[in-house]
Amino acid sequence: MMPPSAGHIRELLQAQLPAGLFAHTLSTTKYALELAQLYGCGSGEMMSVELGALLHDNCKQWDKGTLIVAASELGYTPGALELQVPALLHARIGAHRLMRDFSVADADAYAAVFFHTVGGRGMCRAARIVYCADKLEEQREYAGVQVLRAKACEGLAALCLAVIAANLEYLQENRRLIHPATLEFYNELVSELTKLG
């Protein structure tokens, strides 16, 4: 069976997502593809980036109850933090929907959707690109976003580290819970960059 085209997925998402979320999805996809090109991704990896970016928020508009029911239906057991902050579930549930609801069997696109909210250790390059693009796409306007975007020229690991450091600062300042996977991702990036430096 032929995998669905990006154009077909765009049509499905346009019918399913609220207008603002769909606009964010398109902007994230555009920026993710720019980053993928900057980092020398080949055509297969570009497709993974595009599919992951397009589908990263495929169920973000779902309410808490719907997300928890969907987790149960998909056989995914939410962790304690996800039960406290059910919005985190949209990444996990969205990843599990890729094959079932969109006929996408691409492992890197799955990882991109799965990790795009909190990150995690061992992320592939496509997942790292979508993680950053989600937080830096052109519709995002917050203090320091231009500085973060400028980090792209320093390499993907440096960009990810800058994005995650800004995110951790925001979470701490606002006394928000921090997912352990976020800290694991941060530590992995510091180790990678220390070895390079």
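As a reminder, the structure under discussion sits directly above these lines.
These figures come from a predicted structure and were not determined experimentally.

(A) Molecular detail of the layout of surface pockets. Roughly 930 Å³ of internal volume is contained in the largest pocket. Thr 117, Lys 135, Asn 167, Tyr 170 and Leu 171 are, among the 30 residues lining the largest pocket, the residues nearest its centre. Listed by contribution, the elements that provide at least two residues to the lining of the largest pocket are helix H8 (125-136), helix H9 (145-150) and helix H10 (156-173). The element contributing the most residues to the lining of the largest pocket is H10, with seven residues.

(B) Structural detail: the nonpolar core. Counting residues in each nonpolar core, the largest one holds 50 residues, and the members touching the most others are Leu 35 and Ile 129. When near neighbours in sequence (up to four residues on either side) are disregarded, Ile 129 contacts Ala 32, Leu 35, Ala 36, Tyr 39, Cys 41, Val 49 and Leu 156. Judged by nonpolar contacts, the second largest core, of seven residues, contains Cys 59, Leu 67, Ala 70 and Ala 71.

(C) Representation of the packing of aromatic side chains within the structure. In this structure the tally under the stated criterion is three aromatic pairs. Seen from their ring centres, Tyr 110 and Phe 114 are 5.8 Å apart, and the 15° between their planes marks the pair as stacked. Taken together, the residues Tyr 110 and Phe 114, both in helix H7 (residues 107-115) and four residues apart, mark about one turn of the helix. Residue classification places Tyr 110 among the partly exposed residues on the basis of a relative accessible area of 30%. The class for Phe 114 is buried, based on a relative accessible area of 16%.

(D) Expanded view of the pattern of salt bridges. Following the criterion strictly, the structure yields 13 salt bridges and no others. With a shortest N-O distance of 3.5 Å, Asp 134 and Lys 135 are connected by a salt bridge. Of the two residues examined, Asp 134 and Lys 135, each falls in the buried class. Lys 151 serves as the salt-bridge partner of Glu 154, at 3.7 Å between the closest nitrogen and oxygen. When salt bridges that share partners are traced, they join Lys 30, Glu 34 and Glu 138 into one network.

(E) How the structure looks around the environment of Glu 192. Tracing the sequence through the fold places Glu 192 in helix H11 (residues 180-196). With 34 residues separating them along the chain, Glu 192 and Ala 158 place their C-alpha atoms 9.4 Å apart. Once residues lying within four places of it in the same chain are set aside, the contact partners of Glu 192 are Arg 128 and Ala 157.

Calculation rules
- Residues numbered from 1 in each chain as written.
- Predicted model: local features only at pLDDT ≥ 70, side-chain atom pairs only at ≥ 80, totals over all residues.
- Heavy atoms only, no water.
- 1 Å grid on protein atoms, 1.4 Å probe; cavity = no way out; pocket = protein on both sides within 12 Å on 5 of 7 lines; lining within 4 Å.
- Points joined across faces, edges and corners; volume = space filled by probe spheres on them.
- Helix = DSSP H or I, 4+ residues; strand = E, 2+ residues; numbered from the N terminus.
- Core = buried A, V, L, I, M, F, W, Y, C linked by side-chain atoms within 4.5 Å.
- Buried < 20%, exposed > 50% of the residue type's maximum accessible area, 1.4 Å probe, protein only.
- Contact = heavy atoms within 4.5 Å.
- Phe/Tyr/Trp six-rings, centres within 6.5 Å; stacked < 30°, edge-to-face > 60°.
- Salt bridge = Lys/Arg side-chain N within 4 Å of Asp/Glu carboxyl O.

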